[in-house]
Structure formats: C-alpha cells, structure tokens
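# Architecture at a glance
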Amino acid sequence: MTSRIQSAAPGSGEQASGRPPYPAESTGNGRVPGRPARVSLDELHETARRIAANVERVLVGKPDVIRIALVTLLAEGHLLVEDVPGVGKTSLAKALARSIDCTVSRIQFTPDLLPSDVTGVSIYNRQSGEFEFRPGPVFANIVVGDEINRASPKTQSALLECMEEHQVTVDTSTYHLEEPFMVIATQNPIEMEGTYALPEAQRDRFTARVSIGYPDQQAELAMVDEHAGHNPMDDLQPVSDGATVHRLIETVRGVHIAPEVRRYAVDVVAATRQVPEIRLGASPRATLHFVRAARAQAALSGRDYVVPDDLHTVAVPVLAHRLVLTTEAHAARRSATDVVRAVLHRVPVPQGSRPQ
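Residues numbered from 1 in each chain as written. Predicted model: local features only at pLDDT ≥ 70, side-chain atom pairs only at ≥ 80, totals over all residues. Heavy atoms only, no water.

## Describing the sheet that holds strand 9 (residues 182-187)
To keep it simple, the criterion reads: Strand pairing is defined by DSSP finding a minimum of two bridges between the two strands. Labels follow the DSSP assignment, with helices taken as runs of H or I lasting at least four residues and strands as runs of E lasting at least two, numbered in each case from the N terminus. Here, axes are lines fitted to C-alpha atoms. For helices the fit covers the stretch in contact, and angles between N-to-C directions go from 0 to 180 degrees.
The strand order across the open sheet built from 5 strands is 3-6-9-1-10, with neighbouring strands paired in parallel fashion. If you trace the sheet from one side to the other, it starts and ends with strand 3 (104-108) and strand 10 (208-210), each paired once. Direction aside, the axes of adjacent strands within the sheet are offset by 15 degrees on average. Where strand 1 (residues 79-82) meets strand 10, 3 bridges bridge the pair, whose relative direction is parallel. Note on strand 10: the bridge partner recorded for L79 is A208.

## Digging into the confidence of the model for the chain
The test is simple: As a per-residue quantity, pLDDT reports the predictor's confidence and falls between 0 and 100. Here, two residues are considered to be in contact whenever any of their heavy atoms come within 4.5 Å of each other.
Averaged over all residues, the pLDDT of the chain is 84; the fraction at 70 or higher stands at 87%. When mean pLDDT is compared element by element in the chain, helix 11 (residues 284-300) scores highest at 96, while helix 8 (residues 217-227) scores lowest at 79. Counting interchain partners and residues more than four positions distant, the pLDDT-below-50 stretch residues 1-32 has 79 contacts.

## Details of empty space enclosed by the protein
Selection rule: Computed over the protein atoms alone on a 1 Å grid, cavities are sets of points where a 1.4 Å probe fits but cannot get out and pockets are open sets with protein on both sides within 12 Å along at least five of seven lines; a residue lines them when it has an atom within 4 Å of a point. Grid points are joined across faces, edges and corners, and a volume is the space filled by probe spheres set on the points. Each residue receives one of three labels: charged for Asp, Glu, Lys and Arg, nonpolar for Ala, Val, Leu, Ile, Met, Phe, Trp, Tyr, Cys and Pro, and polar for the others, Gly being one of them.
If you add up the space inside the largest cavity, you get close to 90 Å³. The wall of the largest cavity is formed by T72, L73, E76, G77, H166, E179, P180, F181, M182, H246, I249 and R253. Secondary-structure elements contributing two or more residues to the lining of the largest cavity are helix 2 (63-74) and helix 9 (242-253). Element by element, the count of residues in the lining of the largest cavity is highest for helix 9, at 3 residues. Residues belonging to the lining of the largest cavity are distributed by class as follows: 5 nonpolar, 4 polar and 3 charged.

## Overview of the packing of helix 2 against helix 11
As a reminder of what qualifies: A crossing counts as left-handed when the near helix is turned anticlockwise from the far one by less than a right angle, and as right-handed when that turn is clockwise.
Here helix 2 crosses helix 11 at 115 degrees, and the two axes come no closer than 8 Å. Between helix 2 and helix 11 lies a crossing of right-handed hand. In this structure, helix 2 uses R67, L70, V71 and L74 to contact helix 11, whose residues at the interface are A293, A296, Q297 and L300. Looking at side-chain class alone, the contact of helix 2 with helix 11 contains 6 nonpolar, 1 polar and 1 charged residues.

Now the structure itself:
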C-alpha cells in the first residue's frame with residue numbers, strides 16, 4: 001500500500017533596483033544559536049536556478065509552476081498539485097524531490113490505506129518485552145503523496161499534525177520530524193469515483209496549490225522528442241542537499257517586510273472574509289503562509305525586502321484553494337481565482353511601496 005523511495009532559471013521575476021521602499025533590517029550572515037547559518041541572496045538564487053533547471057528537464061515548458069514549487073519549499077510550506085491526469089503532477093513532485101539530496105518517501109494513497117501506514121506503528125518486541133516504534137514513510141524530508149484524495153478522511157487526517165507541527169504522535173509518544181520537511185500531494189479533480197474531497201482543515205495546511213495545465217504545442221513537441229525513447233527521471237541527479245535548503249530557508253526568514261506591507265497582506269486576507277460570493281474566507285494561518293511565500297518570492301527575485309508585487313504574485317496559489325464559494329457563486333461560474341484577483345484590485349496598495 002505504501003512505497004518508499006530513498007533517495008532554465010526560476011522565473012524571470014523582475015528584479016527591483018534602487019533603494020528599498022522601507023528601511024530594511026539587517027540580514028547579515030551571522031549565525032543565530034540553534035539555527036543554521038544564512039547564505040547570500042546570490043547563492044540562494046544560484047541554488048534555486050540549478051534546482052529549477054533540473055526539474056525543467058522533466059516538466060518541460062512550465063517555469064511558473066516550478067517557481068511556485070520553489071517558493072513553497074523556501075517558505076517552509078507544503079504544495080498541493082491539482083490537475084487532470086497525465087499533465088505531470090507526480091513528475092513535478094518526484095523531480096523536485098530528486099533534485100535535493102535528502103530523504104524522500106512516496107505514498108500511493110488508496111481507499112484501504114490506514115493512518116498507521118503513513119505515520120508508523122508500535123510493534124511488540126518479544127525479545128525485549130517492549131513496544132518499538134517503526135516509523136512510517138512520513139519520516140522523510142520530502143514526502144510525495146500521490147492522489148491524496150483517494151484515501152479516506154481518517155487516513156488524510158494522519159497528515160494534519162505532521163504538516164502543521166512537524167511531529168507525529170503515536171500511542172501517546174511524540175516523534176519530531178527532521179527539517180526541512182515538505183509534503184507534495186497530488187490529486188485529480190476529474191476522476192471522482194472512489195475519492196474523498198479534502199476537508200477545509202486539510203486544504204488550509206497546504207501553503208500553495210498549483211495547476212500545471214496542458215503544455216503548448218512547442219513544449220509538447222519537445223517533450224515527445226526528449227521523453228518518447230527515454231525517461232529523463234532516470235538520469236536526474238541531486239543538485240543540492242537538505243542542509244543547503246535549510247540554510248536557504250533561514251535566509252528567507254530574514255527577508256524584511258515593512259509594517260505597511262504587512263498591513264496590506266492582512267487587509268487582503270481579511271477582504272476575502274467579506275466578499276458576498278465567499279462562504280468561508282481565508283484563515284489567519286493563510287495570512288502567515290501568504291507572508292512567508294512573499295518573502296520567498298522576494299528572495300528568488302534577488303531582494304532582501306518584500307514589495308506588494310511579491311504578494312500579488314503568490315496571492316492566487318496561496319489563497320484561492322482555501323476559499324469556499326457560495327452556491328450562487330458556483331451558479332454564476334465564479335471561481336476562487338476570480339475572487340482573489342478582484343480582492344487584489346479592490347484593496348488599496350500602500351503608498352510609497354515601490355522603489356523610486
């Protein structure tokens with residue numbers, strides 16, 4: 001029921017020039033006790049470029065999707081890949097996992113999968129006379145959950161504590177997960193037979209959701225030329241490691257976000273709770289993920305401070321999947337993406353938030 005696998009530049013994002021719009025806090029490379037040393041933004045950008053180029057060997061012609069995956073990784077989040085069958089959902093997850101030299105597990109979710117198949121189980125040792133914990137596949141740096149909506153809600157809930165608190169509780173004992181820790185889950189919105197929709201609490205724990213979509217004809221032709229006779233996944237080699245990714249995450253944590261921009265992020269999220277088409281708006285957890293993703297987006301763009309454009313770039317992937325539309329909105333063929341974009345147009349951008 002479970003299987004375990006051990007194991008082009010990231011977007012063209014416009015790089016800001018000139019002075020920061022707000023006083024930037026120091027992001028020096030001094031080490032904080034208990035935390036890894038930070039790296040420079042140049043090193044972060046170069047490492048992200050290598051990872052993105054590696055993934056693009058498998059997922060051809062989708063740089064924006066790969067960039068969101070990198071943003072989610074650097075924001076200490078989890079990624080939900082939702083799309084029709086055959087567009088490369090699992091390939092994206094596996095390619096990103098293989099590009100980083102760290103522990104990787106893959107779980108094929110099925111209706112008969114049990115929570116213990118994910119988290120692990122305590123087994124009685126007859127020789128020692130004690131119970132021993134056998135960790136499940138969730139004990140890895142990157143966990144690939146294939147077709148997560150095919151498992152029962154009981155099994156899906158086994159990931160709630162793992163994703164939010166980076167720990168697992170089994171038989172009153174708590175086991176901490178090694179960092180970095182990221183869940184990359186896929187689901188098909190079309191094949192609904194034998195599936196269980198993710199509850200709001202589960203969706204809210206995913207930092208971002210992406211839809212890969214069909215490739216254009218040129219990209220699909222290139223894919224046929226390169227993939228028809230050979231699987232590029234077989235030759236994919238790691239271009240980074242878990243320790244380096246941990247340092248990149250520490251650098252992203254130090255990216256400055258001014259009070260005005262923080263207030264703007266809160267206003268955008270709060271506005272989703274006041275839209276008539278929305279039955280359930282974005283949560284406070286969504287605000288935290290929104291800000292973290294914006295920090296990662298700014299770092300990938302070569303800046304040590306966040307501007308509103310960073311929030312705009314990540315708003316749809318971070319917020320849309322958390323919104324629950326009303327019946328009237330569905331009838332009017334309004335999507336959560338449309339609502340998020342409308343909110344961005346309505347909420348005033350803070351003045352002086354762009355470099356001069």
